[in-house]
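# Structural overview
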Amino acid sequence: MAKNGYVASDVRLRIEQAADQLGYRPDPLARGLITGQSNIIAVVMADIVNPFYPIVLDALTEAIQQRSRQVLLFNAAHHQTVDDLIPSVLHYRVAGIVVTTASLSSKAAEMCLASGVPVVLLNRYSQSSNTNVVSCDNHFGGRQAADMLIAAGCAHLAYIGGRPNSSTNTDRRSGFLEAAERAGLGGAPVLERAFDYDWGMQAARQLMASHPDTDGIFCGDDAVAFGVLDCLRFTLGKRVPKTSR
């Protein structure tokens, strides 16, 4: 049934027919108890309503299944952190863990290491944990965003970001502010709270009330940007995009 090792073709056929008649299916969880590991890869998320992450989950699932493994999704509720989920994840004897929306503490990483379970952080990193990382260069992306706005003629920049302590947010913010400072546009206001639409709406109102001359905004992600755009266009009556030149 595991399809490894030699079985004569006529014997294999009789076994498969008998299994079909009995409705027998191998239990991967039971097999995991024997081998000490399953063929399951745990994907841990904490912000599944963000439009970016269902796309990530779909791509991850396809890639993992192509390698004859299955995905088990763990989504942290609002009152939970990724660290809170790790003990439950390890109970399933998973073969690996992919964390997509938050960093892992060193304590949780050590717990996984002690269990022999590798961990990959996707699109973020942690300075304190011994994990593998797959991430783009968010600092460089922040610099590119500032350079683009400055090239378009913007002279009063601002940053509206997500969770202040997330690596994606801190790197995008620092790259953006670094490029603005280099261009002589230091002191750009920074507003940070959450990677979601409602925060984008609220932050845009706050920003334009305190800095009405703002003409270039870099947002921490698309969900924030959609909120900012809708507030500027439909609440404040601004024309966006509008270049200064």
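Treat the numbers as computed from the prediction; the structure is a model and nothing was measured. (Residues numbered from 1 in each chain as written. Predicted model: local features only at pLDDT ≥ 70, side-chain atom pairs only at ≥ 80, totals over all residues. Heavy atoms only, no water.)

## Describing the sheet that holds strand 1 (residues 40–45)
Note on sheets: strands pair through backbone hydrogen bonds, and any given pair is parallel or antiparallel. Selection rule: By the convention used here, strands pair only if DSSP detects at least 2 bridges between them. Strands are runs of DSSP state E lasting at least two residues, helices are runs of H or I lasting at least four, and both sets are numbered from the N terminus onward. Axis definition: a line fit to C-alpha positions, over the contact stretch in the case of helices; interaxial angles, taken between N-to-C directions, run 0 to 180 degrees. Any two residues whose heavy atoms approach within 4.5 Å at even a single point are treated as in contact.
Across the sheet, which stays open at both edges, the five strands sit in the order 2-1-3-4-5 with parallel pairing between neighbours. Each having just a single partner strand, strand 2 (70–75) and strand 5 (132–134) make up the two edges of the open sheet. On average, each strand axis in the sheet is tilted by 25° relative to the strand beside it, whichever way the strands run. Taken together, the six bridges between strand 1 and strand 2 define a ladder with parallel strand orientation. Paired with V43 across the bridge in strand 2 is L73. The strands touched by helix 3 (residues 52–65) within the sheet are strand 1, strand 2, strand 3 (96–99) and strand 4 (119–122), with strand 2 carrying the most contacts at an inclination of about 155°.

## Some words on the pattern of salt bridges
Let me state the cut-off plainly: One side-chain nitrogen of Lys or Arg within 4 Å of one carboxyl oxygen of Asp or Glu is enough to make a salt bridge. For the exposure calls, accessible area comes from a 1.4 Å probe over protein chains only, and a residue counts as buried if that area is under 20% of its type's maximum, exposed if over 50%, partly exposed in between.
Considering all chains together, one arrives at three salt bridges under this definition. With a closest N to O distance of 3.6 Å, D10 and R14 form a salt bridge. Highlighted residues: D10 and R14, both in helix 1 (residues 9–22), separated by four residues, approximately one helical turn. Under the relative-accessibility criterion, D10 is labelled partly exposed at 45%. Of the charged contacts, one joins R173 and E192 as a salt bridge, the two residues approaching to 2.5 Å between their closest N and O atoms.

## Some points on a nonpolar patch on the surface
Applied cut-off: Patches draw on residues past 30% relative accessible area with no salt bridge. Two like charges within 9 Å are joined, as are two nonpolar side chains (Val, Leu, Ile, Met, Phe, Trp, Tyr) within 5 Å. Shrake-Rupley sampling with a 1.4 Å probe provides the accessible areas, and residues are treated as covered by the protein chains on show and by no other component.
A cluster of nonpolar side chains, contributed by M1, V7, V11, I15, L22 and Y24, occupies part of the molecular surface with about 550 Å² of accessible area. Looking at where Y24 falls in the secondary structure, it is placed in the loop between helix 1 and helix 2 (28–35).

## Side note on the side chain of D221
Condition: Counting rule applied: Lys, Arg positive; Asp, Glu negative; His and chain ends not counted. Each polar contact in these results corresponds to two N or O atoms within 3.5 Å; when the atoms are within protein, one needs to be able to donate a hydrogen and the other to accept it, and residues that are neighboring in sequence are counted only if both atoms are side-chain atoms.
Inspection of the secondary structure puts D221 in the loop between strand 8 (216–219) and helix 9 (222–235). For D221, which is buried and forms no salt bridge, the nearest opposite charge comes from R172, at a distance of 6.0 Å. At 3.0 Å, the side chain of D221 forms a polar contact with the backbone nitrogen of V224. Contacts of D221, omitting those with residues within four sequence positions, involve N50, R172 and F195.

## Observations regarding the nonpolar core
Note the threshold: By nonpolar core we mean a set of buried residues, namely Ala, Val, Leu, Ile, Met, Phe, Trp, Tyr and Cys, connected to one another through side-chain atoms within 4.5 Å.
In terms of nonpolar packing, the biggest core is built from 20 residues, with V44, I97 and L104 touching the most fellow members. Of all the secondary-structure elements, those providing two or more residues to this core are strand 1, helix 4 (82–91), strand 3, helix 5 (106–114) and strand 4. Here this core gets five residues from one element, more than from any other, and that element is helix 4.

## Notes on the side chain of D171
Tracing the chain through its elements places D171 in helix 7 (residues 167–182). Lacking a salt bridge, the buried D171 has R172 as its closest oppositely charged neighbour, with an N-O distance of 8.0 Å. With residues up to four places along the chain from it excluded, the contact list for D171 reads Y125, N138 and H139.

## A look at the environment of L22
For L22, the position within the fold is in helix 1. Among the residues examined, L22 registers a relative accessible area of 72% and is labelled exposed. C-alpha of L22 to C-alpha of S103: the two residues are 81 residues apart in sequence and 46 Å apart in space.

## Quick look at the packing of aromatic side chains
What counts here: Between rings of Phe, Tyr and Trp, where Trp is taken as its six-membered ring, a pair exists when centres lie within 6.5 Å; planes separated by under 30 degrees are stacked, by over 60 edge-to-face, and by other angles tilted.
Considering all chains together, one arrives at five aromatic pairs under this definition. Judged by centre distance (5.2 Å) and plane angle (35°), the rings of F176 and F218 are tilted. Here F176, found in helix 7, pairs with F218, found in strand 8; they are 42 residues apart in sequence, far enough to count as distant. Here F176 matches F218 in class, with each residue buried.

## With respect to the packing of helix 4 against helix 5
Rules: Any angle that is under 35 degrees is reported as roughly parallel, and any over 145 degrees as roughly antiparallel; angles of 65 to 115 degrees are reported as roughly perpendicular and all others as oblique. Only Asp, Glu, Lys and Arg are considered charged in this grouping, and only Ala, Val, Leu, Ile, Met, Phe, Trp, Tyr, Cys and Pro are considered nonpolar; every other residue, Gly among them, is considered polar.
Viewed as axis vectors pointing N to C, helix 4 and helix 5 meet at an angle of 10°, and their least axial separation amounts to 9 Å. The angle between the axes of helix 4 and helix 5 places the two elements in the roughly parallel class. On helix 5, the residues touching D83, I86, P87 and L90 of helix 4 are A108, M111 and C112. Of the residues that constitute the contact of helix 4 with helix 5, the class distribution is six nonpolar, no polar and one charged.

Fair warning: the whole summary comes from geometry, so function is off the table for now.
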